[in-house]
Amino acid sequence: MRKSFLLIFVVLGVASSQAPAPLRGDRFKPIEYAQMTAEQKVMADLVMSGKIQGGTGGPFNVLLRSPALGTAVVRYGEYVRFRSPLPAKLNELAALITTRYWTAQFPWYAHHRAALQAGLSEAIISAIAEGRRPASLPPNGMQRDEEAVYNFCTELLKTGEVSDATFRAAKDKLGEAGVVELLGIVGYYGTVSMLVNTDRYPLPEGVATELKPLP
């Protein structure tokens, strides 16, 4: 199972009887465990039990307002983050492209670090942060599979579709199943980005924003 650190959720305790650490939020005020409804506690306990990999950071507090939807999103995220067969580097690249598109500061902050750990170069990450196309070819540019993912995700987000050439390139590198996995990653991080942006979810104390608004 693919390991990662500091993704969208911060992994917390493993015992279902353990109350979650204090939640964070802005427009959606944090809910203390003792104040949760029975349905909300079911969602929180599922995450805390270790039956699914997750945690109570990021959009978790927002999703508690609709615990049935929240549980589905948490399960979706667990698959994307820990079980997707795509290489971790490509998974993180798609996450960065999507969170950059939404200028979602918290998930970008988390995935910048995860992408470096997965082997994505800082030059590529910096170019995406600045809204520039990364250079092609190593040592500082994109490899062919990275370029296929970049073109696919960027074109999809900017135009709502992908050209035949872009689709073929992604299919050649990832296979049809890989293209579907890629769509799932973009969909998941688009959902996360909308949730944290709507909430105005705060970065950790002392952490500066990394993304500037795109033109």
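None of the values given here were measured: they were computed from a predicted structure.

### Notes on a nonpolar patch on the surface
Here is step 1 of the chain: Judged by side-chain polarity, Tyr101, Trp102 and Met194 come together as a nonpolar surface patch covering roughly 290 Å² of accessible area.
Here is step 2 of the chain: Looking at the element boundaries, methionine 194 is found in helix α8 (residues 164-199).

### Thoughts on the layout of surface pockets
Over the atoms, a rolling probe the size of a water molecule traces out where space has been left empty.
Here is step 1 of the chain: Put simply, the largest pocket is a space of about 190 Å³.
Here is step 2 of the chain: Every residue along the wall of the largest pocket is listed here: Ile97, Arg100, Tyr101, Ile128, Gly131, Arg132, Tyr150, Thr154, Leu157, Lys158 and Leu214.
Here is step 3 of the chain: Elements represented by at least two residues in the lining of the largest pocket include exactly α4 (88-101) and α7 (144-159).
Here is step 4 of the chain: Residues that form the lining of the largest pocket fall into these classes: six nonpolar, two polar and three charged.

### Here we look at the side chain of threonine 154
Here is step 1 of the chain: Structurally, threonine 154 is set in helix α7.
Here is step 2 of the chain: At 2.8 Å, the side chain of threonine 154 and the backbone oxygen of tyrosine 150 are in polar contact.

### Details of the pattern of salt bridges
Here is step 1 of the chain: Applying the stated criterion to the full structure yields eight salt bridges.
Here is step 2 of the chain: Note that glutamate 210 and arginine 113 form a salt bridge whose closest N and O atoms lie 2.9 Å from each other. Of the two residues, glutamate 210 sits in the segment after α8 while arginine 113 sits in helix α5 (residues 105-118), which places them 97 residues apart along the sequence.
Here is step 3 of the chain: Taking the relative accessible area as the measure of exposure, arginine 113 reaches 27% and is therefore partly exposed.
Here is step 4 of the chain: With a shortest N-O distance of 3.0 Å, arginine 133 and glutamate 147 are connected by a salt bridge. One end of the pair, arginine 133, is in the loop between α6 (122-129) and α7; the other, glutamate 147, is in helix α7, with 14 residues separating them in the sequence.
Here is step 5 of the chain: The network of salt bridges with shared partners includes Arg133, Arg144 and Glu147.

Conventions used here
- Residues numbered from 1 in each chain as written.
- Predicted model: local features only at pLDDT ≥ 70, side-chain atom pairs only at ≥ 80, totals over all residues.
- Heavy atoms only, no water.
- Patch = residues over 30% accessible without salt bridge, like charges linked within 9 Å, V, L, I, M, F, W, Y side chains within 5 Å.
- Areas by Shrake-Rupley, 256 points an atom, 1.4 Å probe, with all protein chains shown as cover.
- Salt bridge = Lys/Arg side-chain N within 4 Å of Asp/Glu carboxyl O.
- Helix = DSSP H or I, 4+ residues; strand = E, 2+ residues; numbered from the N terminus.
- 1 Å grid on protein atoms, 1.4 Å probe; cavity = no way out; pocket = protein on both sides within 12 Å on 5 of 7 lines; lining within 4 Å.
- Points joined across faces, edges and corners; volume = space filled by probe spheres on them.
- Nonpolar A, V, L, I, M, F, W, Y, C, P; charged D, E, K, R; others polar.
- Polar contact = N/O pair within 3.5 Å; in protein donor to acceptor, adjacent residues only side chain to side chain.
- Buried < 20%, exposed > 50% of the residue type's maximum accessible area, 1.4 Å probe, protein only.

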